[in-house]
Amino acid sequence: MTRFVSIIIAIVILSILVIIHEYGHFLLARKNGVFVKEFSIGFGPRIISKVAKSGTRFSWKAIPFGGSCTMLGALEDEDDGTDDERSFDKKSVWARMSIILAGPVFNFLLAFILSVAYVATMGYDPATITAVQEGSAAEEAGLQVGDVITNYDGAGISFGREIYVENYIKPVSERTDGIKITYTRDSEKYKTVVYPKETARYMMGISYNATEGDAELLSVSEASGAYEAGLRGGDIILSINGTEIKSGEDVEAFFETYEITADPIEITYSRRGGSFDTVVYPTETSTYSAGFSYNMQNVKTDALGTLKYSFAELKYQIVTVYKSLGVLFSDKGSLDMLSGPVGIVEIVSDTYTASASYGFLTTLMNLFSIMIMLSANLGVLNLLPIPALDGGKFVLLVIEAIIRRPVPKKVETVVTVVGASLIFLLAMVVLVHDVIRLF
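Remember, it's a predicted structure, so these values are computed and weren't measured experimentally.

Right, let's get into the overall build of the chain. A count of helical and extended segments in the chain gives eleven helices and 16 strands. Scaling as 2.2 N^0.38, a compact globule of 439 residues should have a C-alpha radius of gyration of about 22 Å, and the chain matches this with 25 Å. The principal-axis extent of the C-alpha atoms belonging to the chain is close to 75 × 50 × 40 Å. In the chain, which comprises 439 residues, the share counted as buried stands at 42%. Within the chain, contacts between residues separated by at least 24 positions form 65% of all contacts whose residues are at least 6 apart in sequence. Surface summary for the chain: the accessible area is close to 23,000 Å², and the carbon and sulfur share equals 60%. Taken as two groups, the 37 positive and 50 negative side-chain charges of the chain have centres that lie 13 Å from each other.

Read across the open sheet, the four strands follow the order S5-S4-S6-S7; overall the sheet is antiparallel. A strand with exactly one partner marks an edge of an open sheet, and here the two such strands are strand S5 (155–156) and strand S7 (188–194). When strand S4 (residues 148–152) meets strand S6 (residues 179–185), the two strands line up antiparallel, connected through four bridges. Bridging from a neighbouring strand, valine 148 pairs with threonine 184 of S6. Strand contacts of helix H4 (residues 160–169): S4 and S5, with the helix running at about 35 degrees to S4, the strand carrying the most contacts.

We now examine the packing of aromatic side chains. As enumerated under the stated definition, the model contains 16 aromatic pairs in all. Seen in terms of ring centroids, phenylalanine 26 and phenylalanine 39 are 5.5 Å apart; in terms of plane orientation they differ by 75 degrees. Their pairing is edge-to-face. Pair noted here: phenylalanine 26 is in helix H1 (residues 2–31) and phenylalanine 39 is in strand S1 (residues 36–51), with a separation of 13 residues, a long-range link. In this pair, the class of phenylalanine 26 matches that of phenylalanine 39, namely buried. Taken together, the aromatic side chains of Tyr23, Phe26, Phe39, Phe58 and Phe106 make up a single cluster linked through ring pairs. One residue, arginine 86, lies across the ring of phenylalanine 35, its end atom 4.4 Å from the ring centre. We note arginine 161 situated over the ring of phenylalanine 159; from NZ or CZ to the ring centre the distance is 4.4 Å.

The next point concerns a nonpolar patch on the surface. A surface patch of nonpolar side chains, amounting to about 490 Å² of accessible area, comprises Ile19, Tyr23, Ile47, Ile48 and Trp60. Listing elements by their share of the nonpolar patch, those giving two or more residues are H1 and S1. The class for isoleucine 19 is partly exposed, based on a relative accessible area of 31%.

Relative to the elements of secondary structure, aspartate 390 occurs in helix H10 (residues 390–403). No salt bridge is formed by the buried aspartate 390; the nearest opposite charge belongs to lysine 393, separated by 4.4 Å. Only 3.2 Å separates the side chain of aspartate 390 from the side chain of histidine 25, close enough to count as a polar contact. Not counting residues within four places of it along the chain, the set of residues in contact with aspartate 390 comprises His21, His25, Ile100, Pro104 and Asn382.

Moving on, we get to H10. For H10, built from 14 residues, the straight-helix expectation of 20 Å at 1.5 Å per residue is met to within 8% by its first-to-last C-alpha distance of 20 Å. Backbone geometry just after H10 places arginine 404 at a positive phi near 65 degrees.

Contact pair helix H2 (residues 93–122) / helix H9 (residues 360–383): the axes reach a minimum separation of 8 Å and the direction vectors enclose 155 degrees. The angle between H2 and H9 places the two elements in the roughly antiparallel class. Helix-helix and strand crossings are classified by hand; for H2 and H9 the assignment is left-handed. Taken together, the residues that form the contact of H2 with H9 break down as 18 nonpolar, seven polar and no charged.

Another point: the environment of serine 421. Locating serine 421 in the fold gives a position in helix H11 (residues 409–438). The spacing of serine 421 and alanine 388 is 33 residues in sequence and 9.0 Å in space, taken between C-alpha atoms.

Glancing now at the pattern of salt bridges. Tallied over the full model, the rule gives 13 salt bridges. A salt bridge links aspartate 84 to arginine 86; its shortest N-O distance comes to 3.2 Å. Residue class for aspartate 84 comes out partly exposed when judged on its relative accessible area of 25%. You can call arginine 86 partly exposed: its relative accessible area is 39%. For aspartate 235, the salt bridge is made with arginine 271, and the minimal N-O distance between the two is 2.7 Å. Taken together, the residues span a long stretch of sequence, with aspartate 235 in the loop between helix H5 (225–228) and strand S11 (236–240) and arginine 271 in strand S13 (residues 265–271) at a distance of 36 residues.

This next bit is on the nonpolar core. Core analysis: the largest hydrophobic core is formed by 35 residues, its most contacted members being Ile13 and Val348. Looking at this core, the elements that each hand over two or more residues are H1, H2, helix H7 (303–328), helix H8 (341–355) and H9. Sequence-distant contacts of valine 348, defined by excluding residues within four places in its chain, comprise Ser6, Ile9, Ala10, Ile13, Leu367 and Ile370.

Another point: the environment of tyrosine 358. With respect to the helices, strands and loops of the structure, tyrosine 358 is situated in the loop between H8 and H9. Overall, the relative accessible area of 40% leaves tyrosine 358 in the partly exposed class. In contact with tyrosine 358, other than residues within four places in its own chain, are Glu212, Gly213, Asp214 and Lys246.

The subject of this paragraph is the sheet that holds S11. Taking strand neighbours across the sheet as the criterion, the four strands line up as S12-S11-S13-S14 in an open arrangement whose pairing is antiparallel. With partners counted over all chains shown, the strands left at the sheet margins are strand S12 (243–244) and strand S14 (274–280), one partner each. Relative to S13, S11 runs antiparallel, the two sharing four bridges. Looking across to S13, one finds that isoleucine 236 is bridged to serine 270.

The rules behind the values
- Residues numbered from 1 in each chain as written.
- Predicted model: local features only at pLDDT ≥ 70, side-chain atom pairs only at ≥ 80, totals over all residues.
- Heavy atoms only, no water.
- Helix = DSSP H or I, 4+ residues; strand = E, 2+ residues; numbered from the N terminus.
- Rg over C-alpha atoms; globule rule 2.2 N^0.38 Å.
- Buried < 20%, exposed > 50% of the residue type's maximum accessible area, 1.4 Å probe, protein only.
- Contact = heavy atoms within 4.5 Å.
- Areas by Shrake-Rupley, 256 points an atom, 1.4 Å probe, with all protein chains shown as cover.
- Lys, Arg positive; Asp, Glu negative; His and termini not counted.
- Charge placed at Lys NZ, Arg CZ, Asp CG, Glu CD.
- Pairing = 2+ DSSP bridges.
- Axes fitted to C-alpha atoms, helices over the stretch in contact; angles between N-to-C directions.
- Phe/Tyr/Trp six-rings, centres within 6.5 Å; stacked < 30°, edge-to-face > 60°.
- Lys NZ or Arg CZ within 6 Å of the ring centre and 35° of its normal.
- Patch = residues over 30% accessible without salt bridge, like charges linked within 9 Å, V, L, I, M, F, W, Y side chains within 5 Å.
- Salt bridge = Lys/Arg side-chain N within 4 Å of Asp/Glu carboxyl O.
- Polar contact = N/O pair within 3.5 Å; in protein donor to acceptor, adjacent residues only side chain to side chain.
- Expected span 1.5 Å × (residues − 1).
- Parallel < 35°, antiparallel > 145°, perpendicular 65-115°, else oblique.
- Left-handed = near helix turned anticlockwise from the far one by under 90°.
- Nonpolar A, V, L, I, M, F, W, Y, C, P; charged D, E, K, R; others polar.
- Core = buried A, V, L, I, M, F, W, Y, C linked by side-chain atoms within 4.5 Å.

These figures capture arrangement, not role.
The structure is reproduced here in C-alpha cells:
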C-alpha cells in the first residue's frame with residue numbers, strides 16, 4: 001500500500017512541476033498573442049481532452065511524465081502558421097525569447113514559493129561549528145564552537161549542507177594548501193585559513209545527517225568496509241553492535257563514545273522495507289582532516305529570515321545542480337548521479353516511508369523539499385544550451401538576434417531532432433539503470 005501511495009504522490013509531484021513549467025510558456029504565449037493549439041500533461045493517447053472557447057485544447061494523456069505547450073508556428077507544430085499573425089514565428093525575437101524562458105523561470109518561482117513554506121515551517125540549517133577537535137588544524141586556525149561559517153574556500157555559505165556539498169565536490173584531502181574560511185562570532189566577522197592535517201585512523205566509510213529523522217546513509221565510500229559489507233546510500237541504520245538506533249542523532253551519540261578500531265562492527269539496517277544484518281570491518285585510512293564538525297539541523301527563524309533563507313535555498317539548489325553537472329562530466333562522474341522517473345519514485349517512496357510516522361505536516365514539508373530540488377533541477381536543465389531543450393531554442397534566438405535573420409528552419413529542425421534523439425537515448429539508459437538499481 002505504501003509503495004502504491006508513493007507512486008501516486010510521485011506522479012502528482014511530477015505533474016505539478018510539468019504543469020507549472022508549461023503554464024509559464026502558455027501564459028507568455030497568450031500575453032504575446034501566440035495561439036496555443038494544445039496544452040497537455042503527459043504523453044501518448046489522450047485520456048481527457050476539452051477545447052476551450054479560445055480554441056486551445058487542454059489534454060491529460062496516458063503516460064504521466066512530461067507535457068507540452070504546442071504553439072502555432074513553433075517547431076513542434078505540424079503547420080508552420082506563416083500567414084497567421086498568431087503564429088510563434090511572426091512574433092519579435094524578444095517576445096519569443098520571453099516565451100521560451102518562461103518555463104524555467106516558473107520552475108524557479110515554484111521552488112522559491114515552496115522554499116518559503118518550508119523555511120517558515122521547518123527553519124534552516126545554519127553552518128554553525130558544533131565541535132573542534134583538540135590539537136586539530138581548526139583549533140590552530142582559531143575556530144571555536146559556535147562560530148558561524150559564511151564563506152568556505154570562496155563559496156558563500158548559508159547552510160551547513162553547503163559545506164558538505166563543497167567537500168563532496170572537492171574533498172578536504174585536495175585542499176591541503178589551505179581552506180580559507182570567513183566566519184562570524186558575536187556578530188563580528190573574522191577570516192582564517194585552515195591547513196588540513198594528515199591522520200591515520202580506522203573508518204567505516206559512511207556519511208549521514210545527525211538529525212532527529214531516520215539514520216539514513218547519505219553515501220557509502222566504494223573503497224570502504226561498509227561498501228564491502230553491502231551498505232549503500234539510502235539505507236537506514238537500525239542498530240549498531242546491538243544498540244538500537246532511531247535517528248541520525250543516535251548514530252552520532254554512539255560514535256562519540258565508541259572508538260572505531262579494526263574490530264568488526266555489527267550493523268542492522270533497512271532497505272525498501274526489508275531488514276538486514278551485516279558486519280563491517282573498518283579500514284585503516286590515511287586521510288586529511290580540517291578538525292571541526294558543523295551543524296546540519298534546522299533552527300527556526302523570523303519573517304525576514306524566512307525570506308532571506310528562502311532566496312538562499314533557491315540559490316543553493318540552482319548552484320548545486322551546476323556544480324553536480326561539473327562533477328558528472330569529470331572523472332568523478334557516474335551514471336549513479338542521474339535519476340529518471342523510476343529513481344524519483346524511489347526517492348519519494350523512501351521520503352514518504354521515513355516521514356509518515358512523524359505526522360502529516362512533517363511528511364508534507366519533506367515532500368516540499370523534494371519538489372524544491374526537482375523544480376530547480378528542471379529549471380536549470382531546461383536552460384542548458386542543448387538542442388530540443390528551452391536553452392537550445394534560446395541559443396538559436398540569440399543567434400537570430402545577432403545576425404538579424406532567423407536560423408533556417410531546416411537547420412533548426414535537424415539540430416532539434418538530433419538533440420531530441422540524444423536526450424531520448426540518455427533517458428532510456430537512465431531508466432534501465434534505475435530499474436537495475438531498484439532490484
